[in-house]
Structure formats: C-alpha cells, structure tokens
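Breakdown of the fold
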Amino acid sequence: MSKLVIFIAVFFLFCLNIPAAYAADEDNCVSCHAKQVNEWRASDHSKAMNHASEQTVIGNFNDITTTHFSQTAHFYKRNGQFMVSLTEANKTTNYTISYVFGHFPLQQYLIETGEGRLQVFPFAWDSRSKSNGGQRWYPNYQAEDIGEDDRLHWKQPMQNWNGMCADCHSTGLKRNFDSETLSFNSHFDTINVSCVSCHGNMAQHTESAKNKLTVDASHNNYPHTNLSSEEQKAMGQWLLEKGDNIASWKELDNGEYKPANRDNSFMDTCFGCHSLRSPLSDGIAPKEAYLDQFTPSLLISPLYFADGQIREEVYIYGSFLQSRMYEAGVNCIDCHNPHTMKVKAEGNGLCLQCHSADTYDGEKHTKHVSDSEGSQCVNCHMPTRTYMGVDARRDHSFSIPTPHVSEKSGAPNACLNCHDNDNKWVSTRLDNWYGRASTLSNEEEKYVAFMHGEVMSKNEILSLAHAKTLPVIKRATVLSSLPTRVEVLSDRDLRTFIRNKEPLLRLAAAQAGGALPTNERLKSYLSLLNDKYKAVRVAAVSNLIGFGINTAAFKTALNELNTSNDIAQWRGEGNLNQSLIEYQLGDINKAEALLKQGIKVDPYFVANYINLAELYRSQNKAELEKRTLEDAVKAVPNSDLVYYSLGMLNIRLQNKPTAVKLFKKATELAPTNAQNWYIYSLALDNVGETKKSIAVLKESLSYVQDKSLIDLGMSLSQKLGDRESFAYFRSKS
C-alpha cells in the first residue's frame, strides 16, 4: 500500500439562537458586582460581537461607496437594516448585515450565506480617529485582489465565522457542523464574551449569595476587607523587600508574608482564546484544562522568528510562556484589569509595580531622555508588530534586544524600530552602555541557531531539549522538531520527556514519536495513551495507528482524535487529517470519501487533491489520478505542487516531454523550492537535454543554495566532460 503524502494541518481557532435564560447573563451578577459589570461593559470582551443596530454599528452606511481592485461595495440603510451592495466578478448582490464583530481598531461585519453559515464581509470599518488614518472602509486584504477562486475569498471556509472565530467571541458556543449535510446549526448562550466565559457556570454561587447577603465579620481577621483570611492568603502580593530590584510573590502565613509558589492555573481560561491552537472539542469549557481542549502551536516558523519573537498573529500564549515574567509567576491580571482588560497603569508605572524605580526607571537604565519614546519599557521589551494592516500588538516575551542574534537570524531588533541604523551599531551602543551586547545564555544562543536551521547532531538537539535554562515551551519546540531534523529516535531518547512533569514536554514527546521505529514506539511511548491531558493522548495515538494495538486506552484516545477531526470537517484540513487515519486503519473507501468531501467544502485547498490523486495511484487508477490532478490545476492554478504531481504522473505514463513542461512550470511558481529544480533538471537529462539541464541547475542556485542541486550539477558536468561547469558547481559546494 503506497504511503500518502502527509500535510501538516494549519492550526486554527475555532450561530444562531440565543436561549432567553442566557440572553444577558450579566444581569445575574450586577446586583452584587455592579462595579465589575460596568467595567466589563466598557471592555473589548463586551463588544466582541453583537446584533447589527444603530447602537452597535460604527461604520458609515450613509450611501458610501468604496472600491478595492475588482470589488466595489456600496453601504446603505433600508427599512432600519444595514445593507451592502457588493459587485465582484461582474455581478452585483445585495446583503444584509446580521452582526457586528469587534469594535476597535476594526469593526467587521457578518453576513448570513445559507446553511447556517456566517461569513466575514471583505470590508471592515477602520474605527481609529481620522488623524490616525481611520474613519474609512478598509479592505481586509489591502494589498491583494481576492477573487472568487481564492481560498481567502470571503465566502470560503477560511473566512467562516462559525469555525474560525465564533468560540472566542461568544459564550457557550457550539459549532454543530453536520458532515452529512455540510451545514452548521451553531448556537451560543450569550452573544459576547460574558462573565460565564471566564468564571464558568456560577449558578451555585448566585444561589449561595442570595441565602447569605452579609459576611460574618467575627470570622474575619482583617476587618478592612470582606475577604476571608483564606481568600487573602490565596491572593498574596508582589512585594519589594529592602535591597530588592524586582518584587517576589509572597503569601500570608500566620500573619506574615512569606515566599510561595503561585497557582496560576486560572490562566488556562485566558489561553483558550489568547493562543494559536487546534481545538479538540466543540466549544470552550472555562473550567477545563487548556490541554484538555486544545493542542497549542509551538514556536515554529513562520509563526515566530528564530529567537521566539512573534511573526504572525499568535495571540500571546506562545510569547508569554517564553518570558521570565511567566517563569516568576506573573499572570495576566497582574498587569491587566480583569474586567476592563486594560492595563492597570499607563507608561512605566505598570512595570514599576514590581521593578524598582531606583534601578529601572530613569536614564541610568534606559539611556534615553525621560518621557521619550525610548524611555518607555514596552518599546524596548515589548515591541509591536502590526496585523490586519492597522492593529499593532505587543510581543509578550519581554525580551531584551540582542543585535548579534538579529544579525544572524533575521529576527527584528526593537532598537531599529526607532533608529535608522544596523545591528552592529546597536551592539556597540549596548556594549558601551552595559558592558555587554547580549544577555543570552549559551543554550539560548544554540536555540536560536537551531531554529534558524543550523545543522546539529541528535545529541546536540536532545541536549537543548534537556536544557533547564531554557523556557519549557522552547524546549518543547526543539523536541517536537526532532522528526524533521533526525532520521530515527530511540525509546531512550524520549523516555525522560515521556515521564516529565511538564505537560508541554510530554506533548512534544508525543509529537516526536513519529521518528521512533515500530519496536521502539511500543515501549515507554505507549504510556502517553494514559496521559492526564487529551492533547498528549491525541498526539500519541496519531503515531500508533496501524500497530495492532487494541487496548482500552488506545480506543479512547482514537475516539478523541476522531472527534477533533470531525468538528473540523467544515474546512479542508479536518477532512485531510481524518482521511489519513482511515487510510492507516485500512478503510480506503472512507478515506476517499473524506478527501472528496474536503474538496467540496474547501475547493481551493490543494492538499486534498494531491492526496486523493496519490490514493488513486496506490490503486493503479491512473485515469482517476489524472482527472483529479487536472481538476486541481483548474481550481488552484498557482500551486507548484499540483504541477509537480502532474509531472510525476506523466513520467510514469512515459509522456516525458509533457512532464518536462510541467516541472518547468513548478519552478516558475516556486523558484525557492529546491525539489522542483532537481526533478526538472533530471527530466531534462532524461530526454537528452543534459546541457540545458546544467544551465537550469546554474539558474536554480540564484534562487536557492542546496547541496543536492550542486551535487547533481557536478554529476551532469562530469557526464558531458564539461570542466568549466564542474568547476562552477564545485566552487558553490
């Protein structure tokens, strides 16, 4: 049985009847918690989503027309409804705005398109002030013309509210995707992010509060507050002792504050939405562990730079877990008001809650004039990166600028956000100011080199994964990357991580298990099927399918894996992932059906076409393989992988001249892909055009430096006795 091409599924976030009992669940809280509810009403959480109305719509619908490449939108009102007339592909359609989505810096709008789907309209309202460039209609993809045959088109799954956005913008959401009818029957309890989203079902608390309206002061050793002694002890404080530069966490113990380990497990609730992750269940349960509901993305490229700084929109979790703040026990609400979600203090005052002003505030430390941009802690240690064109978000890794790392890895440097200079200049300045230009440990330096692609031995990589000087999430990232960097692992290599107390390391070990040979995978790795967290169990079982395991733990974990794929079948990746499972289990018909379904629901996702064609190839169904790849060319004409696959089919069919043309097209579409150049050159040599093949290999090296291309160039040069070309390729090695 031929092995199918395996694609890494994109990590994704995951309506609409509102039960009357939950339509305004904050009403249950306001009688006792009026201040908190009023703060929440001013928050982004409160404004996460709402019905379109005069009170909620910010955008200008007063007969305004805007054009972006081939799309023209006219915004207007009719009979109390907010409308938009969209012209694209020479066709004009009128739509009603059903819901508003967010409020600042962009407010987006949702359109019902049938089968229970809500789609994000391609224009948003830029709600920033006019002086800051706002108060205008803003195309979601400002630099691109997104046509109807593009996976990013607003009617495609990638712009679907039910699957992509809903669970983090509404409370108690269930997507309820039906894979039989390919429709949604989504529901939420509350339209926005309400009290229940963070606090869970507080019905018992509400009933208890009704029965006990006062606090018994006789049992309170601290009469200035309504908190009990136990509650105060649990809260603790960040305290700066005399001589300290940074505060440490202390809790009450017999009337004295003493150092303690802080329980920050509540942040799992925050991380549920403030992370880039793949859901394992339908909807979010606020009191359940994060790793029982999601598989998080680790610090991989292109999501992060090699040094761990944010690159794509990754929603805090991955950057914060790298930070010294997280390691010290800092949590979200140390800096953010838990109800407004705004920072508790402006400027450096926020940081000086815990950092000594004598040491960290002023020119002695910042080397910049007080009250200047350069004197602000966040501009050096939490630089911004702009997403959606207008939304500047701060990196929460709280890193220190490291110019020589930026020079080697291409990672940004906060200093150069303000100064028009280079990293060498920054190094000189830092060395003059602080006596050093880097605070990185040897392990941190090696981590950056590894993530930047430096070749390392298995033992060097494992040593990095073991390095306790690195944050756990960086160690996990290294560990999970092993299958792409080494050929084979042993049980001994992973055993320590499999038994580790850190769940992220166990998760990474589960993900690395694909590099274990069969006999090694059936040793300690099997224990991961009984792990405490679903994310670990699901990762492990995905590497144990087809090994003849029939234990209860295996069956439970497999069901959990199937569920995670089932709820994602509204988009191509969910179908692809489940088809791979069915293939491994030997159900070829089901695998084929899932791939076809993936093409139907997500027609511009190329991986399902490729895997379906490969499935037909494994069954010697050349005509179906050819038809599938030709359909792929029509649907995704800019995919080099499609042309590469069609070229390979023509090689097998002995249509070599046709194959050469297809391989050439693949190199034109993806000139930095070395494999495309390699197979194109081989095909040219195979049809007797070795001289041209050598010329092509020389051209390829202007796009990508790859040893296999250089070696092939030397081999073909020897074949023709072309000494000049041989010397050229040897000079590149």
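Residues numbered from 1 in each chain as written. Predicted model: local features only at pLDDT ≥ 70, side-chain atom pairs only at ≥ 80, totals over all residues. Heavy atoms only, no water.

A closer look at the packing of helix 22 (residues 503-512) against helix 24 (residues 534-542)
Remark: helix 22 packs on helix 24, axes separated minimally by 8 Å, with the N-to-C direction vectors making an angle of 15°. With respect to helix 24, the element helix 22 is oriented roughly parallel. Judged by the twist between their axes, the crossing of helix 22 over helix 24 is left-handed. Residue-level inspection shows Pro503, Arg506, Leu507, Ala510 and Gln511 of helix 22 in contact with helix 24, the latter providing Ala535, Val536, Ala539 and Ala540. (Axes fitted to C-alpha atoms, helices over the stretch in contact; angles between N-to-C directions. Helix = DSSP H or I, 4+ residues; strand = E, 2+ residues; numbered from the N terminus. Parallel < 35°, antiparallel > 145°, perpendicular 65-115°, else oblique. Left-handed = near helix turned anticlockwise from the far one by under 90°. Contact = heavy atoms within 4.5 Å.)

Let's talk about the sheet that holds strand 5 (residues 91-96)
Overall, antiparallel pairing links the 4 strands, which are arranged 2-3-4-5 in an open sheet. Two strands in the sheet have a free side with no partner beyond their single neighbour: strand 2 (64-68) and strand 5. For this sheet, the mean inter-axis angle between neighbouring strands, taken without regard to orientation, is 20°. The pairing of strand 2 with strand 3 (residues 71-78) spans 5 bridges and is classified as antiparallel. Each residue of the ladder has a partner; that of threonine 67, found in strand 3, is threonine 72. (Pairing = 2+ DSSP bridges.)

Here we look at the pairing of strand 8 (residues 117-120)
Residue alternation in strand 8 divides its side chains into two sets, Arg117 and Gln119 and Leu118 and Val120, and both sets are buried. Here strand 7 (residues 106-114) runs beside strand 8; their pairing, made up of 4 bridges, is antiparallel. The residue bridging leucine 110 from the neighbouring strand is valine 120, located in strand 8. Counted between consecutive antiparallel strands, the loop separating strand 7 from strand 8 contains 2 residues, among which glutamate 115 sits at a positive phi close to 55°. (Buried < 20%, exposed > 50% of the residue type's maximum accessible area, 1.4 Å probe, protein only.)

Considerations on the pairing of strand 4 (residues 81-88)
In summary, the side chains of a regular strand alternate between the two faces of the sheet. Within strand 4, 6 of the 8 residues are buried, which leaves the element mostly enclosed by the surrounding structure. Here strand 3 runs beside strand 4; their pairing, made up of 7 bridges, is antiparallel. The residue of strand 4 that forms the bridge with tyrosine 76 is methionine 83. Between strand 4 and the antiparallel strand that follows it, strand 5, lie 2 residues; alanine 89 among them carries a positive phi value of about 50°.

Comments concerning the sheet that holds strand 13 (residues 237-239)
Ordered by their spatial adjacency, 3 strands build an open sheet running 13-14-15, and the pairing between neighbours is antiparallel. Of all the strands in the sheet, just strand 13 and strand 15 (256-259) have a single pairing partner and so form its edges. For this sheet the average axis-to-axis angle between neighbouring strands, irrespective of direction, equals 55°. Sheet topology note: the strand 13/strand 14 (residues 248-253) ladder contains 3 bridges and is antiparallel. Looking at strand 14, one finds that glutamine 237 is bridged to lysine 250.

Points about the packing of helix 34 (residues 707-720) against helix 35 (residues 723-732)
It is at 8 Å that the axes of helix 34 and helix 35 come closest, and there the two elements cross at 160°. The pairing of helix 34 with helix 35 is recorded here as roughly antiparallel in orientation. The way helix 34 lies across helix 35 gives a crossing that is left-handed. Here Ile710, Gly713, Met714, Ser717 and Gln718 of helix 34 come into contact with helix 35, specifically with Ser725, Phe726, Phe729, Arg730 and Lys732. Of the residues that constitute the contact of helix 34 with helix 35, the class distribution is 4 nonpolar, 4 polar and 2 charged. (Nonpolar A, V, L, I, M, F, W, Y, C, P; charged D, E, K, R; others polar.)

Remarks on the pattern of salt bridges
For the structure shown, the criterion picks out 28 salt bridges. Taking the shortest distance from any N to any O, the salt bridge between lysine 458 and aspartate 493 comes out at 2.9 Å. On the criterion of sequence distance, the pair formed by lysine 458 in helix 18 (residues 458-466) and aspartate 493 in helix 21 (residues 491-498) is long-range, its members being 35 residues apart. One salt bridge in this structure joins aspartate 685 and lysine 719, with 2.7 Å as the shortest N-O distance. Remark: lysine 719 occurs in helix 34 and aspartate 685 occurs in helix 32 (residues 674-686); sequence separation between them is 34 residues. The network of salt bridges with common partners includes Arg151, Arg571, Glu573 and Asp602. (Salt bridge = Lys/Arg side-chain N within 4 Å of Asp/Glu carboxyl O.)

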